[in-house]
Amino acid sequence: MTSIFSKIISGDLPGRFVHQDDLCVAFLTIAPICPGHTLVVPRAEIDHWTDLDDATLTRLTVVAKRIGLAQKRAFGVDRVALIIAGLEVPHTHLHVLPIRSESDIDFSKADINASAEVLDDAADRLRDALALES
């Protein structure tokens, strides 16, 4: 069965993309723990990150680092968390979160009712910060 992430990647469902290349994409989650919470996802639908080939895993982490650096600029944080949980969607994804403290890393704080305006603003801020490094 096709994952929700594959549907977003293919354009069947909308996504707020901040990065796209041949191996992976990055888009904002619709249930952010904090503004700018981004998912880095391989195009290949592979359930567990330990099953990724080395090139794809390397690319995901390089993109996650780039997103993290942009989050620091866009959201004025000193730290960025990187989490691979993999329980909610059977398609590998790296959570990249701009944080101020460890207490910010709490999936129970996810805003499942985040407004389109809040998500669009975070996506725009992150895209602007990513463009600065290009």
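In what follows, the accompanying structure is described. (Residues numbered from 1 in each chain as written. Predicted model: local features only at pLDDT ≥ 70, side-chain atom pairs only at ≥ 80, totals over all residues. Heavy atoms only, no water.)

So, about the overall build of the protein. Across its full length, the protein holds 3 helices and 5 strands. In sequence order, the protein lays out its α and β elements as α-β-β-β-α-β-β-α. A globule of 134 residues ought to have a C-alpha radius of gyration of about 14 Å, and the protein, at 14 Å, matches this closely. Of the roughly 7400 Å² of accessible surface on the protein, a fraction of 54% belongs to carbon and sulfur atoms. Of the side chains in the protein, 13 bear a positive and 20 a negative charge, and the two mean positions are spaced by 6 Å. (Helix = DSSP H or I, 4+ residues; strand = E, 2+ residues; numbered from the N terminus. Rg over C-alpha atoms; globule rule 2.2 N^0.38 Å. Areas by Shrake-Rupley, 256 points an atom, 1.4 Å probe, with all protein chains shown as cover. Lys, Arg positive; Asp, Glu negative; His and termini not counted. Charge placed at Lys NZ, Arg CZ, Asp CG, Glu CD.)

By secondary structure assignment, the location of T29 is in the loop between strand 2 (24-28) and strand 3 (38-42). According to the relative accessible area criterion, T29 is buried, its value standing at 12%. At 3.2 Å, the side chain of T29 forms a polar contact with the backbone nitrogen of A31. Every residue in contact with T29, bar those within four places of it in the chain, is listed here: H37, L39 and L119. (Buried < 20%, exposed > 50% of the residue type's maximum accessible area, 1.4 Å probe, protein only. Polar contact = N/O pair within 3.5 Å; in protein donor to acceptor, adjacent residues only side chain to side chain. Contact = heavy atoms within 4.5 Å.)

With that settled, consider the sheet that holds strand 4 (residues 79-83). Pairing within the open sheet is antiparallel, and its 5 strands lie in the order 1-2-3-5-4. The open sheet is flanked by strand 1 (17-20) and strand 4, the only strands paired with a single partner. The average undirected angle you get between the axes of adjacent strands in this sheet is 20°. Strand direction decides the pairing type here: strand 1 and strand 2, joined by 3 bridges, are antiparallel. (Pairing = 2+ DSSP bridges. Axes fitted to C-alpha atoms, helices over the stretch in contact; angles between N-to-C directions.)

In this section: the pairing of strand 5 (residues 94-99). For strand 5, a buried count of 6 out of 6 residues is recorded, marking the element as mostly surrounded by other parts of the structure. Judged by which residues are buried, strand 5 turns out to be covered on both faces: L94, V96 and P98 on one side and H95, L97 and I99 on the other are all buried. The pairing of strand 4 with strand 5 spans 5 bridges and is antiparallel. Across the sheet, L82 pairs through a bridge with V96, a residue of strand 5.

So, on to the nonpolar core. V18, V40, I67 and L126 are the most contacted members of the largest nonpolar core, which has 20 residues in total. Sorting the residues of this core by element identifies strand 2, helix 2 (54-75), strand 5 and helix 3 (116-133) as the ones contributing at least two each. When residues of this core are assigned to their parent elements, the largest contribution, 7 residues, is made by helix 2. Not counting residues up to four positions away in its chain, the partners in contact with V18 are A26, F27, L28, T38, I67, A123, L126, R127 and L130. Within the second largest apolar cluster, 9 residues are counted, among which are F5, I8, I9 and V89. (Core = buried A, V, L, I, M, F, W, Y, C linked by side-chain atoms within 4.5 Å.)

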